[in-house]
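One letter stands for each residue in the lines below.
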Number of protein chains: 2
Amino acid sequence: KRDDELILPINDSISSTLDTNQMSAKTTIMANPNFIENKIWLNGKEESFNGPRLQSCLKEIKRRVQESKKRSDIIEWNIHICSENNFPTAAGLASSAAGYACLIFALAKLYDVEGDISGLARRGSGSACRSVYGGWVKWWKGNRSDGLDSIAVQLAPASHWPDMRIIILVVNESRKKHGSTDAMKRSIATSTLLSARADTIVPGRISEMESAIKSKDFPKFAEITMRDSNQFHAICLDTYPPCFYLNNVSHAIIEFVHAYNEFRGSAQVAYTYDAGPNACLYTLENNVGEIISIINEIFPTNISEGYIKGIPVEGCTI
Amino acid sequence: KRDDELILPINDSISSTLDTNQMSAKTTIMANPNFIENKIWLNGKEESFNGPRLQSCLKEIKRRVQESKKRSDIIEWNIHICSENNFPTAAGLASSAAGYACLIFALAKLYDVEGDISGLARRGSGSACRSVYGGWVKWWKGNRSDGLDSIAVQLAPASHWPDMRIIILVVNESRKKHGSTDAMKRSIATSTLLSARADTIVPGRISEMESAIKSKDFPKFAEITMRDSNQFHAICLDTYPPCFYLNNVSHAIIEFVHAYNEFRGSAQVAYTYDAGPNACLYTLENNVGEIISIINEIFPTNISEGYIKGIPVEGCTI
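Remember, it's a predicted structure, so these values are computed and weren't measured experimentally.

Colleague: Please clarify how the pattern of salt bridges should be interpreted in this entry.
Modeller: Counted by the stated rule, this structure contains 30 salt bridges over all chains. Residue Glu223(A) is joined to Arg227(A) by a salt bridge in which the shortest nitrogen-to-oxygen separation is 2.8 Å. Of the two residues, Glu223(A) and Arg227(A) are both situated in helix H7 (residues 218-238); the distance of 4 residues between them amounts to about one turn of the helix. For Glu223(A), a relative accessible area of 32% corresponds to the partly exposed category. Taking the shortest distance from any N to any O, the salt bridge between Asp73(B) and Arg71(B) comes out at 3.0 Å. Take Asp73(B): its relative accessible area is 45%, and that puts it in the partly exposed class.

Colleague: I'm lost on helix H2 (residues 95-110) of chain A in this one. Help?
Modeller: Note that an α-helix has 3.6 residues per turn; residues three or four places apart therefore point the same way. Residue and element names in this part refer to chain A. For H2, which comprises 16 residues, the first-to-last C-alpha distance of 22 Å matches the rise-based estimate of 22 Å (1.5 Å per residue) to within 8%. Of all 16 residues in H2, 12 are buried, a share of seventy percent or more. What H2 keeps buried is the set Ser 95, Ala 97, Ala 98, Gly 99, Tyr 100, Ala 101, Cys 102, Leu 103, Ile 104, Ala 106, Leu 107 and Ala 108. Buried residues in H2 make contact with strand S2 (25-32), helix H1 (52-68), strand S5 (78-85), helix H3 (118-122) and helix H4 (128-131). Positioned one or two residues after H2, Asp 112 has a phi angle of 60°, which is positive.

Colleague: Can you help me understand the domain arrangement of chain A in this one?
Modeller: By convention, interface size is frequently given as the accessible area that disappears when the constituent parts associate. All names here are of chain A. Domain annotation of chain A identifies domain 1 (13-157) and domain 2 (164-298). Taken over C-alpha atoms, the centre of domain 1 sits 26 Å from the centre of domain 2. Between domain 1 and domain 2 lies a buried interface of about 1,500 Å² when both sides are counted; carbon and sulfur atoms form 68% of it. The tally of links from domain 1 across to domain 2 stands at 1 salt bridge. On the surface where domain 1 and domain 2 come into contact, there are 3 residue pairs in polar contact (both at pLDDT 80 or more). Secondary-structure elements contributing two or more residues to the side of domain 1 that touches domain 2 are strand S1 (13-17) and strand S6 (135-139). For the side of domain 1 that touches domain 2, the element with the highest residue contribution is S1, accounting for 3 residues.

Colleague: Is there a simple way to explain the packing of H1(A) against H2(A) in this structure?
Modeller: A packed helix pair is summarised by two numbers, namely the angle formed by the two axes and the spacing between the axes. All names here are of chain A. Following both chains from N to C, one finds H1 and H2 inclined at 30°, their axes separated by 11 Å at the closest point. When the axis of H1 is compared with that of H2, the two are roughly parallel. In the crossing of H1 with H2, the sense of the turn from one axis to the other is right-handed. Counting all contacts with H1, which are made through Arg 53, Leu 54, Cys 57, Leu 58 and Ile 61, the residues of H2 involved are Tyr 100, Leu 103, Ile 104, Leu 107 and Ala 108.

Colleague: So what exactly am I meant to see when it comes to the relation of the copies chain A and chain B here?
Modeller: Each of the two chain copies goes to the other by way of a rotation about an axis and a shift along it. Relative to chain B, chain A is turned by 180° and slid 0.0 Å along the rotation axis, the superposed coordinates differing by an RMSD of 0.0 Å. A rotation of that kind, with that shift, is consistent with a two-fold axis. Residue Ala234(A) of chain A places its C-alpha closer to the rotation axis than any other residue of that unit, at 2.0 Å. Interface overlap between copies: 100% of the residues of chain A at the interface are likewise at the interface in chain B, consistent with a symmetric, same-surface contact.

Colleague: What am I meant to see in the packing of aromatic side chains here?
Modeller: Scanning all chains against the criterion turns up 20 aromatic pairs over all chains. For the pair Trp136(B) and Phe221(B), a centre-to-centre distance of 5.5 Å together with 85° between the ring planes defines the contact as edge-to-face. With Trp136(B) in strand S6 (residues 135-139) and Phe221(B) in helix H7 (residues 218-238), this residue pair connects regions lying 85 residues apart in the sequence. On the basis of relative accessibility, which here comes to 2%, the residue Phe221(B) falls in the buried class. Seen in terms of ring centroids, Trp161(B) and Phe221(B) are 5.5 Å apart; in terms of plane orientation they differ by 65°. Their pairing is edge-to-face. Taken together, the residues span a long stretch of sequence, with Trp161(B) in the loop between strand S7 (152-156) and strand S8 (164-169) and Phe221(B) in helix H7 at a distance of 60 residues. Among the residues examined, Trp161(B) registers a relative accessible area of 4% and is labelled buried. A connected cluster of aromatic rings, assembled from ring pairs, spans Trp136(A), Trp161(A), Phe218(A), Phe221(A) and Tyr282(A). A cation sits over an aromatic face here: Lys138(A) above Trp140(A), 4.1 Å from the ring centre.

Colleague: Looking at this structure, how should I read the sheet that holds S7(B)?
Modeller: Within a sheet, adjacent strands bond to each other through the backbone by hydrogen bonds, running parallel or antiparallel. Residues and elements named next belong to chain B. Strands sit in the order S1-S6-S7 across an open sheet of 3 strands; the sheet is antiparallel. Looking at strand neighbours, the two that pair on one side only are strand S1 (13-17) and S7, the edges of this open sheet. When strand polarity is set aside, the average angle formed by the axes of neighbouring strands in this sheet is 35°. Here S6 runs beside S7; their pairing, made up of 4 bridges, is antiparallel. In the sheet register, Trp 139 faces S7, and the bridge partner there is Ala 152. Packed onto the sheet, helix H6 (residues 194-214) meets S1, S6 and S7 and runs at close to 35° relative to S1.

Colleague: What is the right way to read the interface of chain A and chain B from this model?
Modeller: Each partner contributes residues to the interface: chain A has 32 residues there, and chain B has 32 residues. Here chain A packs against chain B, burying approximately 2,600 Å² in sum over the two surfaces, 64% of which is carbon and sulfur. The largest share of the area that chain A buries against chain B comes from Leu193(A), Tyr240(A) and Phe244(A), three residues that together contribute 25% of it. Our enumeration of links across chain A and chain B arrives at 0 salt bridges.

Colleague: So what exactly am I meant to see when it comes to the pairing of strand S10 (residues 279-284) of chain B here?
Modeller: Within a regular beta strand, the side chains point alternately toward one face of the sheet and then the other, so they alternate between its two faces. Along S10(B), 5 of the 6 residues are buried, which leaves the element largely enclosed by surrounding structure. Counting the residues that bridge the hairpin from strand S9 (residues 269-273) of chain B to S10(B) gives 5 residues.

Colleague: Looking at this model, I keep getting lost on the nonpolar core. Mind explaining?
Modeller: Across soluble globular proteins, nonpolar side chains show a tendency to be buried alongside one another. Counting 87 residues, the largest nonpolar core has Phe221(A), Leu281(A), Phe221(B) and Leu281(B) as its most contacted members. Sequence-distant contacts of Leu281(A), that is, excluding residues within four places in its chain, are made with Arg165(A), Ile166(A), Ile167(A), Leu169(A), Ile253(A), Val257(A), Val269(A), Ala270(A), Tyr271(A), Ile291(A) and Ile295(A). Of all hydrophobic cores here, the second largest spans 28 residues; its members include Val65(B), Ile81(B), Val113(B) and Ala128(B).

Colleague: Is there a simple way to think about H6(B) in this case?
Modeller: Its 21 residues give H6(B) an end-to-end C-alpha distance of 28 Å, which sits within 8% of 30 Å, the value for a rise of 1.5 Å per residue. Its maximal kink placed at Ile201(B), H6(B) deviates by approximately 45°, while the proline Pro203(B) follows within four residues. Every buried residue of H6(B) is listed here: Leu194(B), Ala196(B), Arg197(B), Ala198(B), Ile201(B), Val202(B), Arg205(B), Ile206(B), Met209(B), Ala212(B) and Ile213(B). At its buried positions, H6(B) is contacted by helix H6 (194-214) of chain A together with S1, S6, helix H5 (180-190) and H7 of chain B. Phi turns positive, to about 50°, at Lys216(B), one or two residues after H6(B).

Definitions and cut-offs
- Residues numbered from 1 in each chain as written.
- Chains lettered and ligands numbered in written order.
- Predicted model: local features only at pLDDT ≥ 70, side-chain atom pairs only at ≥ 80, totals over all residues.
- Heavy atoms only, no water.
- Salt bridge = Lys/Arg side-chain N within 4 Å of Asp/Glu carboxyl O.
- Helix = DSSP H or I, 4+ residues; strand = E, 2+ residues; numbered from the N terminus.
- Buried < 20%, exposed > 50% of the residue type's maximum accessible area, 1.4 Å probe, protein only.
- Expected span 1.5 Å × (residues − 1).
- Contact = heavy atoms within 4.5 Å.
- Domains from an automatic or database assignment.
- Buried area = accessible area lost by both parts, 1.4 Å probe.
- Polar contact = N/O pair within 3.5 Å; in protein donor to acceptor, adjacent residues only side chain to side chain.
- Axes fitted to C-alpha atoms, helices over the stretch in contact; angles between N-to-C directions.
- Parallel < 35°, antiparallel > 145°, perpendicular 65-115°, else oblique.
- Left-handed = near helix turned anticlockwise from the far one by under 90°.
- Least-squares fit on C-alpha atoms with pLDDT ≥ 70 in both.
- Phe/Tyr/Trp six-rings, centres within 6.5 Å; stacked < 30°, edge-to-face > 60°.
- Lys NZ or Arg CZ within 6 Å of the ring centre and 35° of its normal.
- Pairing = 2+ DSSP bridges.
- Core = buried A, V, L, I, M, F, W, Y, C linked by side-chain atoms within 4.5 Å.
- Bend = angle between axes of the 7 residues up to and from the residue.

Next up, the structure:
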């Protein structure tokens, strides 16, 4: 991040948003003149309303409401926020991105805020700015010091590449050791490789990635995805003291993916890891059954019930 | 490597050579006019004499012998080579460096070769060129395309820093998954961060390291050592497909070292990892007992006999 409070990144980035039927956050907000104070519950547990990020989001949305001169009737009422996500929190699965995107969307609905809301969501969690849109989304880093041009745009809707599938392998659902924010701060301060990545390598990859998505070139998409995931973790390792997010199981999944792709003769599946050991695999629909079957074979688990969820897949014999 | 056959590196490097009483290779060579062929045994097992690196070493040493016009009497005789190392082979503990340094030293003795022999050893295994000298050694990458200036020089003898100690933690003594040579070739071909490291970062670190060794500044020495080890593994991860040498135990040792240094208030111990999961810890003599005691506590082992070897240390109660 180039600015910690405004949450401005040092490079552009591209993400895909999961189908909300499968993994999502759900937020309900109620404003009431009789509420004596603001309150927030995350997954049923009351949390402090004074967190700097929540405050930053509210301040920014109220600024927008005042500009628009709409809903001045309810803007001073206290609110109660209930937010739930149906997947592990803080395990490197973008729970804060989903949570803040959902929160800002709900606040924007409540207060009738119009226009792009990604810049509002960014104040809560950088990557939340991408998650306010579905499909393929790009976050422009922006150049302004006030961050007003650091917003997300949808590159293509999910329907553009309908057979794209994401398989999430939860290696460890406990909270991650390093909070992303502190780790990023330390990377900027100490990694001597980071500037080469941010200034030179990422810009080239972003435009290659945009064209791979546009032309639905899966092998190209897969290679850029894997190389960039690896390089992100290389920077984490080049941070001092280093951050490790990948563990032995993550390494084994990466090796499986390369072995599978080599066997198939082209990149048919790609991995990417965020700030945790859990793998996101991208593949096309017709490979899903085979990949799930092989993974169940290589990484057997005792948890039989509720272990696999998502879009039903046909297994296959291997 | 900038040249694969001549084994020319892309940057300078510094290493320390272990006391041969503790970890070493031992090579005996006999030349005899009655030997009907050249033979070589490694750790008691006969190996092929036709390996390209062994051939390259012999070709180069014979060139030097012919230049000097000495020992033309025995240069055509066949030789028998017996080489043994008292530590695991190909486990990322520089067995080939030790082996080739020892081989070249023995051949140079046999054929009365004078002058610097590090360039000869380099033909066997790049890092072997450093291992022909004791103490603190620097390998100049050199600039000539024939590699004749890619040699090692001793920066300081071991006696310069007499309380320096190296603790080697053998995490896994099996042969490594990736041979160093292939992995290095792949890094040069695919890592987009490598040039920043080799062209910009390493040269600065080399001169800082030389001054840290010269002034016996342990905290500075330790920080450069750890940062550079981490960056080497970052480059391995940025290689495509990636190479992983560190495993969960390696990660835990790194975290222990940072926690210990934080507790002590300054860097009192440093880790470095070559192409494998095994840690080399550097520390000063007065810390060795405490560190070994803590490590035995954190990483208990069932192997009681012969598990710890080396210079005897006094344990301590923790």
